[in-house]
Amino acid sequence: MSVEKTAISSIIMIGTVAGFTLGGVFGAFSDGYFLGRARKKGVTYKTIAKRNAALGGAIGALTVAVYLASPKKKEEKPIAGMGSINVY
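Residues numbered from 1 in each chain as written. Predicted model: local features only at pLDDT ≥ 70, side-chain atom pairs only at ≥ 80, totals over all residues. Heavy atoms only, no water.

Visitor: How should I be thinking about the overall build of the chain in this particular structure?
Guide: From N to C terminus, the chain includes two helices and two strands. Reading the chain from its N terminus to its C terminus gives the helix and strand order α-α-β-β. Working note: accessible area of the chain is about 7,200 Å², and carbon and sulfur atoms make up 68% of it. (Helix = DSSP H or I, 4+ residues; strand = E, 2+ residues; numbered from the N terminus. Areas by Shrake-Rupley, 256 points an atom, 1.4 Å probe, with all protein chains shown as cover.)

Visitor: I'm lost on the environment of isoleucine 8 in this one. Help?
Guide: In this structure, isoleucine 8 sits in helix α1 (residues 3-34). Distance in space between the C-alpha atoms of isoleucine 8 and leucine 68 is 9.6 Å, their sequence separation being 60 residues.

Visitor: Help me understand the packing of aromatic side chains in this model?
Guide: One pair of aromatic rings is described through two measures. These are the centre distance and the angle between the planes. This model, assessed by the stated rule, comprises zero aromatic pairs. When the ring centre of tyrosine 67 is taken as origin, the NZ or CZ atom of lysine 5, which lies over that ring, is 5.5 Å away. (Phe/Tyr/Trp six-rings, centres within 6.5 Å; stacked < 30°, edge-to-face > 60°. Lys NZ or Arg CZ within 6 Å of the ring centre and 35° of its normal.)

Visitor: Would you mind going over the side chain of serine 30 with me for this structure?
Guide: With respect to the helices and strands, the residue serine 30 is situated in helix α1. Here glycine 27 takes part through its backbone oxygen, which lies 3.0 Å from a polar atom of the side chain of serine 30. (Polar contact = N/O pair within 3.5 Å; in protein donor to acceptor, adjacent residues only side chain to side chain.)

Visitor: Before we go on, may I ask you to explain α1 in this structure?
Guide: Residues lying three or four places apart along an α-helix face the same way, a consequence of the helix completing one turn every 3.6 residues. With 32 residues, α1 ought to run about 46 Å at 1.5 Å a step, and its terminal C-alpha atoms sit 45 Å apart, in line with that. Turning to α1, its buried residues are Lys5, Ser9, Thr16, Thr21, Gly24, Ala28 and Ser30. Close packing links the buried residues of α1 with α2 (45-69). (Expected span 1.5 Å × (residues − 1). Buried < 20%, exposed > 50% of the residue type's maximum accessible area, 1.4 Å probe, protein only. Contact = heavy atoms within 4.5 Å.)

Visitor: Help me understand the side chain of threonine 16, please; the structure alone is not making it clear to me.
Guide: Residue placement: threonine 16 occurs in helix α1. With near-sequence residues (within four places) excluded, threonine 16 lies in contact with Gly56 and Gly60.

Visitor: Mind showing me how you'd approach α2 here?
Guide: In a regular helix each residue adds 1.5 Å, so 25 residues correspond to 36 Å; α2 covers 36 Å between its end C-alpha atoms and thus fits that length. When we look at burial in α2, the residues that qualify are Ile48, Ala49, Asn52, Gly56, Gly57, Gly60 and Val64. At its buried positions, α2 is contacted by α1.

Visitor: Got a minute to help me understand the packing of α1 against α2 in this structure?
Guide: When two helices pack together, you describe them by how their axes are tilted relative to each other and by the distance separating the axes. Their axes nearest at 7 Å, the elements α1 and α2 cross at an angle of 150 degrees. Relative to α2, α1 is oriented roughly antiparallel. Between α1 and α2 lies a crossing whose hand is right-handed. Residue composition of the contact of α1 with α2, grouped by class: 18 nonpolar, nine polar and one charged. (Axes fitted to C-alpha atoms, helices over the stretch in contact; angles between N-to-C directions. Parallel < 35°, antiparallel > 145°, perpendicular 65-115°, else oblique. Left-handed = near helix turned anticlockwise from the far one by under 90°. Nonpolar A, V, L, I, M, F, W, Y, C, P; charged D, E, K, R; others polar.)

Now the structure itself:
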């Protein structure tokens, strides 16, 4: 496994967790502010953030697993060609 794949997979994981967490909290806030929906009893922004962070972690882990399991892309070489026209 290369260092580049490891670095990109950590960025994917952090990004999905942060994105889902902030998106869920912002969505709950905007629903309450713009649509006038009352929050349910016992549901706080902290609870929403924890729930969405767990969801983002699960989706991020799946995405990282798929990314790390993908085979290394091979460089394509032309088999024949004339000038700038290559046959692959």
